[in-house]
Amino acid sequence: MASQEEECKGNLKAQLAKLFEVSLKVTVPNEADVDPLIAACTGKFGDYQCNNAMGLWSKIKGKGTQFRGPPAVGEAIKNNLPTSEMIDSCSVAGPGFVNVVLSKNWMAKSIQKMLVEGIDTWAPQPPVKTAVVDFSSPNIAKEMHVGHLRSTIIGDTLARMLEFSKVKVLRRNHVGDWGTQFGMLIEFLFEKFPNFEDATETAIGDLQAFYKASKQRFDSDPAFKERGQQAVVRLQGGEEKYRRAWAQICEISRTEFHKVYQRLGVHLEEKGESFYNPYIPGVIEGLTKQGLVEESQGARVIFIEGINIPLIVVKSDGGFNYASTDLAALWYRLNEEKAEWIIYVTDVGQQQHFDMVFKAAKRAGWLPQGDNYPKASHVGFGLVLGEDGKRFRTRNTEVVRLVDLLDEAKNRSKAALIERGKGEEWTEEEIESTADAVGYGAVKYADLKSNRLTNYTFNFDQMLNDKGNTAVYLLYAHARICSIIRRSGKDVEELKNKGTLVLEHKDERDLGLHLLQFAEVVEEACTNLLPNVVCDYLYNLSEIFSKFYSNAECKVIGSDKETSRLLLCEATAVVMRKCFNLLGITPIYKI
């Protein structure tokens, strides 16, 4: 069994499933493809349980079986388990639940092995090699707002979890850089700056104001409107001057976006709407040849079963739209980039649009039916609300500029550090880097800790509170663990290789078990695309550590178990740091 356990090392649930798989084949040899149902125990009878007995009994009871009910099936599953150093003992409870108590020695050895070989050995192993995560996606010439903040933070975390799982992730920024509004913007740029190529970000000023002024002109001046509409045609026809003006506007926007991404530590590769534009005609022609595209009220559409509105792929005026671009992008990602999982992170309001695009792709045979790979997933998220319960805006009902919001978080964090006297103790660089980590980390964690489908209320005071389930509390908890290790004066790298970890006390064992559950938690978060699962795990880890450390019986420094307990502290810090890394949060090492 050693090689099978090695195969899924790190994931406790998967390792136990391998053992129970062997037992189930012996227990019910005539029942094919019985998947082991393994879950963490909620009661006091064990650490994990196998829940197959009742389901198997309902399958076999009419087939002349030797068993006399689910408890007997459970006993047989227990007795047929192969010997493993993982398991200390097993018992059967209720209607056949097989409870497993893990071996303390095996748990300690597994944690120590991770410390020596690195946390990457606990990474999940999803069945895909390449994934696209499409996130952030702001519109050119418009400010990034809190909706983009959610997409950016959630998308970055999903990309990080997949990257940790050894998946090649194509981080795509599908910016809105094509469409009718560009005619209006280009014409306004020509008017304001006849030598438009000399127009810099400073000259144009606030891009949002530039956009509003051009829109106002477009709506109120018929001659300007006509010039704007002609400009679109000339841009889309590839006329050089219009292409250069378009590129200029895009570049100024990118500079603004970069300020946000830099603060958040987020890396993206831009492939905007314009990139997929040349592929649209060929994709629509292919779908038409397959008989999927039909004429309807002058437009060309794809009808989707179960949805009473069609997916419009060519508008009645012959123009393309979001659906045309999204179909071309999906085709490109499947055929050119060979992605096996394509993940779109947008607000829940776009759920139906993506559902229709994916169903059209299944009709075309691009994607398989069911939930097999390659597959496309829409990751929806709720609204960011103000404390009044309405959509988060500034007092004059404008959307909140992300740069200002992030600067505010950092400034508040810095003020709190200075209030605590760190201005005298720390260098300016230490103050700045800690304020960055805490301020930006607080904004990210407040977003990620709730289930993404729910709305959440933006509140700086709650986010930056150093008590409760906040990034500040967790970052400080990590810094305290680092401080314990520093105070010991021991070389933790030396201890990893020469010391021995033991889990004798109940609080030590509880902490060890939670550390070992890291791999299955990340796998669950990855599979279901739910970052809050990692947040819950991280918060519980800090609480379980706190219980261990505050117990007088588990004294670390100066006790006869100092080496073992320092290794347990280090393992907790290593797992916390990996959780921070997955959430895009920078850890701090002193407070």
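Residues numbered from 1 in each chain as written. Predicted model: local features only at pLDDT ≥ 70, side-chain atom pairs only at ≥ 80, totals over all residues. Heavy atoms only, no water.

Time to look at the sheet that holds strand β8 (residues 293-296). Here we have 3 strands laid out as an open sheet, ordered β8-β9-β10, and antiparallel in their pairing. Unpaired on one side and paired on the other, β8 and β10 (311-314) mark the two borders of the sheet. This sheet shows a mean twist of 45° between the axes of neighbouring strands, independent of strand direction. Here 4 bridges tie β8 to strand β9 (residues 299-302), and the two strands are oriented antiparallel to one another. Residue pairing for β9: Glu294 is matched across the bridge by Val301. Strand contacts of helix α14 (residues 322-335): β9 and β10, with the helix running at about 85° to β10, the strand carrying the most contacts. (Pairing = 2+ DSSP bridges. Helix = DSSP H or I, 4+ residues; strand = E, 2+ residues; numbered from the N terminus. Axes fitted to C-alpha atoms, helices over the stretch in contact; angles between N-to-C directions. Contact = heavy atoms within 4.5 Å.)

This paragraph deals with helix α13 (residues 280-289). For α13, the full list of buried residues reads Ile280, Val283, Ile284 and Leu287. End-on, the buried residues of α13 take up no more than an arc of 95°, which puts them together on one face. On its buried side, α13 packs onto α12 (273-276), β8, β9, β10 and α14. (Buried < 20%, exposed > 50% of the residue type's maximum accessible area, 1.4 Å probe, protein only. Arc of directions from axis to C-beta.)

It is worth spelling out the sheet that holds strand β3 (residues 87-93) at this point. Judged by pairing direction, the sheet is antiparallel, and its 4 strands sit side by side in the order β1-β2-β4-β3 without closing on themselves. One side of each edge strand has no neighbouring strand; the edge strands of this open sheet are β1 (38-40) and β3. Across the sheet, the mean angle from the axis of one strand to that of its neighbour is 25°, orientation sign disregarded. Sheet analysis places strand β2 (residues 48-50) next to strand β4 (residues 97-102), joined by 3 bridges and oriented antiparallel. When the bridges of β4 are listed, Tyr48 appears paired with Val100. Strands β1, β2, β3 and β4 of the sheet are contacted by helix α2 (residues 12-27), whose axis makes an angle of about 125° with β4.

On to the nonpolar core. One finds Leu405, Phe518 and Val575 to be the most contacted residues of the largest nonpolar core, which totals 163 residues. For Val575, the contacting residues outside a window of four places in its chain are Met114, Ile119, Trp122, Leu515, Phe518, Tyr537 and Leu541. With 35 residues, the next largest nonpolar core counts Ile307, Val313, Ala339 and Ile342 among its residues. (Core = buried A, V, L, I, M, F, W, Y, C linked by side-chain atoms within 4.5 Å.)

To continue, consider helix α23 (residues 518-528). Helical periodicity: at 3.6 residues per turn, an α-helix aligns residues three or four positions apart in one direction. Of all the residues in α23, the buried ones are Phe518, Ala519, Glu520, Val521, Val522, Ala525 and Cys526. Of the residues one or two after α23, Leu529 is the one with positive phi, at around 55°.

A word on the packing of aromatic side chains. In this structure the tally under the stated criterion is 20 aromatic pairs. Look at Trp178 and Trp246: their rings are 5.4 Å apart centre to centre, the planes differ by 85°, and that puts the pair in the edge-to-face class. In this pair, Trp178 is assigned in the loop between β6 (168-173) and α7 (181-192) and Trp246 in helix α11 (residues 240-264), connecting sequence segments 68 residues apart. For the ring pair Tyr344 and Phe358, a centre distance of 5.6 Å and an interplane angle of 45° mean the geometry is tilted. Linking Tyr344 in strand β11 (residues 341-347) with Phe358 in helix α15 (residues 351-363), this pair joins segments that are 14 residues apart in sequence. The pair formed by Tyr344 and Phe358 is uniform in burial state, with each residue classed as buried. Positioned above the aromatic ring of Phe275 is the side chain of Lys271, whose terminal nitrogen or guanidinium carbon lies 4.9 Å from the ring centre. (Phe/Tyr/Trp six-rings, centres within 6.5 Å; stacked < 30°, edge-to-face > 60°. Lys NZ or Arg CZ within 6 Å of the ring centre and 35° of its normal.)

Next up on the list: the environment of Val438. Relative to the helices and strands, Val438 is located in helix α18 (residues 428-448). By relative accessible area, Val438 is classed as buried at 3%. Along the primary structure Val438 and Val167 are separated by 271 residues, whereas in three dimensions their C-alpha atoms are 29 Å apart. When near neighbours in sequence (up to four residues on either side) are disregarded, Val438 contacts Ser413, Leu464, Val472, Leu475 and Ile588.

Where charged atoms of side chains with opposite charge meet at close range, the side chains can pair. In this structure the tally under the stated criterion is 44 salt bridges. The shortest N-O distance in the salt bridge between Glu187 and Arg227 comes to 3.4 Å. Of this pair, Glu187 sits in helix α7 while Arg227 is found in helix α10 (residues 222-236), placing the two residues 40 residues apart along the sequence. Among the residues examined, Glu187 registers a relative accessible area of 12% and is labelled buried. Beyond isolated ion pairs, a larger network of salt bridges with shared partners links Glu187, Glu191, Arg217, Asp221 and Arg227. (Salt bridge = Lys/Arg side-chain N within 4 Å of Asp/Glu carboxyl O.)

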